[in-house]
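If you want the building blocks of each chain, they are given just below.
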Amino acid sequence: MKKKISLLLALIMVFSVILTACGSNDANVGDTSDKGNGTQVENGGNGQLTVQDIKDKGTIVLGTSADYPPFEFHAMINGKDEIVGFDIELAKYIADELGVELEIRDMDFDKLLGALATGMVDMVIAGMNPDPEREANFTDIYYEANLAVLIHKDNADKITKMEDLEGKSIGVQIGTIQEEVAKEEIKDAEVKSLGTNPDIVMNLMTNKIDCAIMETPVAESYAQVNEDIIVVEGLNFDIDSGGVAIAVKKGNDELTEKLNEIIAAAKEEGLLEKWFVEANELVNESL
Ligand code: ARG
């Protein structure tokens, strides 16, 4: 019985290899079976994009939400609007290591995991916490960060400690850990979920909300470039997944492994620190 099953499995494998081979022939003549967005070349085996698939198509598609300095943000570089930041440097390094081009798709944060699931993007680098409830595979953490509270400077005396947040209106980005924290950990909070971080900052500046919760480096970036807003000193949240990781499609262990190797190499070369410093400089110069 066992033998029969393994014979059957072997046959299935042979067939899928043949099918994959046919598939890539099609791709060569420009007629991929994917009529959707033309980027997803799927491996016949388990429907997962392999490292080889990425090399074959010559491009890795990054999904990000460029409203999150210093991780990813829009900046005018030589008169041109570009998406830059710490995560973008990491993405470029990954593309280089794989020997492919980097294509960036910018979207709202809460759309990223859907884009990953449908194959519209190959990986998500967006200052994302590897929350186990998220439908994705996560790499190792590449940056540790916690959450901070951002306020209008006029409120400096009113919000100094955790209890001061009770009953306050709190701005957070939709679909983020911050939204969860505000809803679950702050008593009687009036949580205002907004699409983007610049929206949150605008609401703060015009006193439409009392405070905002953001990842510490992001809160600091906005405070750096806006003299009306400040980060509340000593008011930090410790969250379980206090670090950010790259997300790939759920179950894509091969790509996860490869990205872990690349992250480890970047860490070893001291590149992560360097990119972080550079991204912060860019926030000051161009935001
Ligand atoms: N770290 C938070 C989370 O994973 C927020 C990330 C928001 N990222 C962004 N690019 N807007 O939920």
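Residues numbered from 1 in each chain as written. Predicted model: local features only at pLDDT ≥ 70, side-chain atom pairs only at ≥ 80, totals over all residues. Heavy atoms only, no water.

Caption draft 1: Representation of the site of the ligand within the structure. Among the 16 residues in the neighbourhood of the ligand, the closest are listed as Asp67, Gly127, Asn129, Arg134 and Glu215. One nitrogen or oxygen atom from the side chain of asparagine 129 is found 2.6 Å from a nitrogen atom belonging to the ligand. Starting from 350 Å² of accessible surface for the ligand in isolation, the protein chains cover 100%. Spatially, the ligand is embedded in the largest cavity. At the level of elements, β2 (67-68) and α5 (177-185) are the ones that each hand at least two residues to the shell around the ligand. Here the residues of the shell around the ligand are counted per class, giving five nonpolar, seven polar and four charged. (Near = heavy atom within 4 Å. Polar contact = N/O pair within 3.5 Å; in protein donor to acceptor, adjacent residues only side chain to side chain. Areas by Shrake-Rupley, 256 points an atom, 1.4 Å probe, with all protein chains shown as cover. 1 Å grid on protein atoms, 1.4 Å probe; cavity = no way out; pocket = protein on both sides within 12 Å on 5 of 7 lines; lining within 4 Å. Sits in = over half its atoms within 2 Å of the grid points. Helix = DSSP H or I, 4+ residues; strand = E, 2+ residues; numbered from the N terminus. Nonpolar A, V, L, I, M, F, W, Y, C, P; charged D, E, K, R; others polar.)

Caption draft 2: Up close: the sheet that holds strand β3 (residues 72-77). The antiparallel open sheet is built from three strands, whose spatial order is β2-β3-β4. Each of the sheet's edge strands pairs with one partner strand only, and the pair in question is β2 and β4 (80-84). Relative to β4, β3 runs antiparallel, the two being bridged by five bridges. Looking across to β4, one finds that isoleucine 77 is bridged to lysine 80. (Pairing = 2+ DSSP bridges.)

Caption draft 3: The arrangement of the packing of helix α3 (residues 86-98) against helix α9 (residues 271-286) in detail. For the pair α3 and α9, the least separation of the axes is 8 Å and the interaxial angle reads 135°. The pairing of α3 with α9 is recorded here as oblique in orientation. Considering only the axes of α3 and α9, their crossing is right-handed. On the side of α3, the interface is formed by Phe86, Glu89, Leu90 and Tyr93, while α9 contributes Leu271, Leu272, Trp275, Phe276 and Ala279. Per-class residue counts for the contact of α3 with α9 are eight nonpolar, no polar and one charged. (Axes fitted to C-alpha atoms, helices over the stretch in contact; angles between N-to-C directions. Parallel < 35°, antiparallel > 145°, perpendicular 65-115°, else oblique. Left-handed = near helix turned anticlockwise from the far one by under 90°. Contact = heavy atoms within 4.5 Å.)

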